[in-house]
Amino acid sequence: MSQTPDLDARAFELDRAHVFHSWSAQGALKPLVFAGGLGSRLWDHAGRSYLDFSSQLVNVNIGYQHPAVVAAIQEQAATLTMVDPKHANLARGEAAERITAHAPDGFDKVFFTNGGADANENAIRMARLFTGREKVLSTYRSYHGNTGAAIVATGDWRRPAGNEFAHGHVHFFGPYLYRTEFWAGTPQEESERALRHLRRVIEAEGPATVAAILLETIPGTAGVLVPPDGYLAGVRALCDEFGIVLIADEVMAGFGRAGEWLAIDHWGITPDLITFAKGVNSGYVPAGGVIISNPIAHHFDERVFPGGLTYSGHPLAMAAIVAALDAMASEGIVANARSVGQDHIAPALAKLAERHDVVGEVRGLGVFHAIELVADRATREPLPDAAMGTVRTRLLERGLLPFIVNNRIHVVPPCVVTPEEVAEGVAIIDDVLATL
Ligand code: PLP
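Residues numbered from 1 in each chain as written. Predicted model: local features only at pLDDT ≥ 70, side-chain atom pairs only at ≥ 80, totals over all residues. Heavy atoms only, no water.

What follows covers the sheet that holds strand S14 (residues 400-401). Strand order in the open sheet formed by 4 strands is S1-S2-S3-S14, with mixed pairing between adjacent strands. This sheet does not close on itself; its edge strands, each paired only once, are strand S1 (36-38) and S14. Bridge count between strand S2 (residues 41-43) and strand S3 (residues 49-52): 3 bridges; the pairing is antiparallel. Paired with leucine 42 across the two strands is tyrosine 50, which belongs to S3. (Pairing = 2+ DSSP bridges. Helix = DSSP H or I, 4+ residues; strand = E, 2+ residues; numbered from the N terminus.)

In structure tokens form, the structure reads like this:
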């Protein structure tokens, strides 16, 4: 780790002068500078290091600078850096083969995109063309990406006022027992009532108009809302009853994050389309896509699928997928995410909840957890933004890079995080909560 603090100042100045940031008022931004990383740690040019409990945007599942993935990108770069999607290429075929191997039986094809938003965009298009129907149902507590249909399918504040980019979108409430919309007292009640609500929405909209239900298997940015047992099976049954395509958005929850290859594996659910991005190659080169079940794939055997992207199946991204998935399999990285989550993160967060009144609820699976902070445990009033700002500052001061959304600290380290690193990070959170 070389120490050249001047480069931090230079990176910061260049950023502030020329880089226009996502989802922000530009004026008061103070971006952190990062220069290097390894495993679950990152550092700046001055050598100040952070333990990463964010995985950037919850995507660096394999950790920083995995040597096999870096080498595969280097090798592909030295061989051939671009192949038009209409041609065949070994890296692309192998990536698709690896991905379908982790999908349920009956999924043999992959349509590659540049990331998660365009994966959802194309999945919605496939569902509409397959069913000949228009409407897409998705939840209020969701994020599906920042493009036409994907951002209108999104439920959170980023959905544009007015449906100017897309049409036929309807929202409903999914299960979230801690802040139940259904006056439920148990996970089972929450599941049953959320399913009853969804059935009523489908009936009221007219089942013959509904092309797809688009769901994050575990809504991520909305708060790591692990669905109660029975809910996803119930959604699957409603889709079967009404001939609706079920799209599982696994962009954040998939490829190790929830301690399984795909989060649907927790409940044994088989959707009709699965969208992915992030963890598939940990963002070493941008990539995403749609894993397509055979009936939908075959629908386009004789009909044109009207969609494509210059960088669909880009060789560098494909080489990174092959290497990342092979390393995750041979090094037991998904199993690590599961056991570290179960045996270390979940018990450590439960202790935080016992020790600090400010913790309203902790929940999650694998390396996909959230600590929900409240001003008042009885009313569950969220901890205000100013206090969350203080939490963030104090975590950073102590060397922990957090992922904070609204009143929550999401505990989302790389899947390679060790029990010792979990203990180190949770001790920092413990220390900061004690200062509130
Ligand atoms: N879907 C989910 C569940 C996500 O979390 C995200 C991004 O955070 C997206 C889709 C959009 O992915 P991208 O930013 O790669 O377009």
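Let us keep going from here.
Gaps left between atoms show up when a probe the size of a water molecule is rolled over them. Per the stated rule, a full pass over the model turns up 2 cavities of 30 Å³ or more. Among the elements of the structure, strand S7 (210-216) and helix H8 (231-242) are those that each provide at least two residues to the lining of the largest cavity. In this structure, the second largest cavity spans a volume of roughly 80 Å³. Surrounding the second largest cavity, Leu215, Glu216, Thr217, Leu232, Leu246, Ile247, Ala248, Ile264, Ile269 and Pro271 form its lining. (1 Å grid on protein atoms, 1.4 Å probe; cavity = no way out; pocket = protein on both sides within 12 Å on 5 of 7 lines; lining within 4 Å. Points joined across faces, edges and corners; volume = space filled by probe spheres on them.)

On to the layout of surface pockets. One number sums up the size of the second largest pocket: a volume of about 410 Å³. Lining the second largest pocket are 14 residues, and of these Lys109, Val110, Phe111, Ile292 and Phe305 sit closest to its centre. Taken together, the elements giving at least two residues each to the lining of the second largest pocket come down to strand S4 (107-113) and helix H9 (294-299). Of the residues forming the lining of the second largest pocket, the biggest block, 4 residues, is contributed by S4. In terms of residue class, the lining of the second largest pocket is built from 10 nonpolar, 1 polar and 3 charged. (Nonpolar A, V, L, I, M, F, W, Y, C, P; charged D, E, K, R; others polar.)

A few words now on the domain arrangement of the protein. Reports often express the size of an interface as the amount of accessible area lost when the parts come together. When the domains of the protein are assigned, the result is domain 1 (5-65 + 332-435) and domain 2 (67-330). Summarising the inter-unit geometry, the C-alpha centres of domain 1 and domain 2 are found 25 Å apart. The interface is formed by 38 residues belonging to domain 1 together with 42 residues belonging to domain 2. Taken together, the connections running from domain 1 to domain 2 amount to 2 salt bridges. Across the pair glutamate 260 and arginine 338 runs a salt bridge, and its minimum N-O distance is 3.8 Å. Linking domain 1 to domain 2 there are 22 residue pairs in polar contact (both at pLDDT 80 or more). Those elements that place two or more of their residues in the side of domain 1 that touches domain 2 are helix H2 (55-58), helix H11 (333-355), strand S11 (359-365), strand S12 (368-376) and strand S16 (408-411). Across the side of domain 1 that touches domain 2, the residue classes break down as 20 nonpolar, 12 polar and 6 charged. (Domains from an automatic or database assignment. Contact = heavy atoms within 4.5 Å. Salt bridge = Lys/Arg side-chain N within 4 Å of Asp/Glu carboxyl O. Polar contact = N/O pair within 3.5 Å; in protein donor to acceptor, adjacent residues only side chain to side chain.)

Around the ligand, the surrounding shell consists of Gly115, Gly116, Ala117, Asn120, Tyr143, His144, Gly145, Glu216, Asp249, Val251, Met252 and Lys278. Between the ligand and the protein, one listed contact pairs a nitrogen atom with a side-chain N or O atom of aspartate 249 at 2.8 Å. For the ligand, an oxygen atom lies 2.9 Å from a polar atom in the side chain of lysine 278. Considered on its own, the ligand offers 390 Å² of accessible surface; in the complex 80% of this is hidden by protein. The residue inventory of the shell around the ligand, partitioned by class, reads 4 nonpolar, 5 polar and 3 charged. (Near = heavy atom within 4 Å. Areas by Shrake-Rupley, 256 points an atom, 1.4 Å probe, with all protein chains shown as cover.)

Another aspect to go through is the environment of serine 293. Topologically, serine 293 is positioned in strand S10 (residues 288-293). Relative accessible area serves as the criterion here: at 6%, serine 293 is assigned to the buried category. Each C-alpha atom of the pair serine 293 and proline 271 lies 8.2 Å from the other, and the pair is 22 residues apart in sequence. Looking at serine 293, its side chain comes within polar contact range of the main-chain oxygen of aspartate 272, at 2.9 Å. (Buried < 20%, exposed > 50% of the residue type's maximum accessible area, 1.4 Å probe, protein only.)

Turning next to helix H4 (residues 90-101). Between the first and last C-alpha of H4 there are 16 Å, a value that for 12 residues agrees with the 16 Å anticipated at 1.5 Å per step. Turning to H4, its buried residues number three or more, namely Ala91, Arg92, Ala95, Ala96, Arg98, Ile99 and Thr100. Capping the start of H4 is the job of one residue whose side-chain oxygen sits 3.2 Å from the backbone nitrogen of alanine 91: asparagine 89. (Expected span 1.5 Å × (residues − 1).)

What follows is about the packing of aromatic side chains. Two aromatic rings, taken as a pair, are described by how far apart their centres are and by the angle between their planes. Counting across every chain of the model gives 8 aromatic pairs. Consider the rings of phenylalanine 255 and phenylalanine 276, whose centres lie 6.0 Å apart with planes at 70 degrees: the pair is edge-to-face. Here phenylalanine 276 lies in strand S9 (residues 273-276) and phenylalanine 255 lies in the loop between strand S8 (245-249) and S9, a separation of 21 residues in the sequence. Judged by relative accessible area, which is 1%, phenylalanine 255 ranks as buried. Here the aromatic rings of phenylalanine 300 and phenylalanine 305 are separated by 5.3 Å at their centres, their planes lie at 80 degrees, and the arrangement is edge-to-face. Side by side, phenylalanine 300 and phenylalanine 305 carry an identical accessibility label, which is buried. Here a set of aromatic residues connected by ring pairs shows up, and it is made of Trp23, Tyr143 and Trp157. (Phe/Tyr/Trp six-rings, centres within 6.5 Å; stacked < 30°, edge-to-face > 60°.)

What follows covers the nonpolar core. Note on soluble globular proteins: their nonpolar side chains tend to be buried together. Core analysis: the biggest nonpolar cluster contains 105 residues, and Ile99, Ile213, Leu373 and Ile429 have the highest contact counts within it. Element by element, the count of residues in this core is highest for helix H10 (residues 315-330), at 11 residues. Each of domain 1 (5-65 + 332-435) and domain 2 (67-330) contributes no fewer than three residues to this core. If you look at the next biggest cluster of nonpolar residues, it comprises 24 residues, including Ile124, Ala153, Ala211 and Ile292. (Core = buried A, V, L, I, M, F, W, Y, C linked by side-chain atoms within 4.5 Å.)

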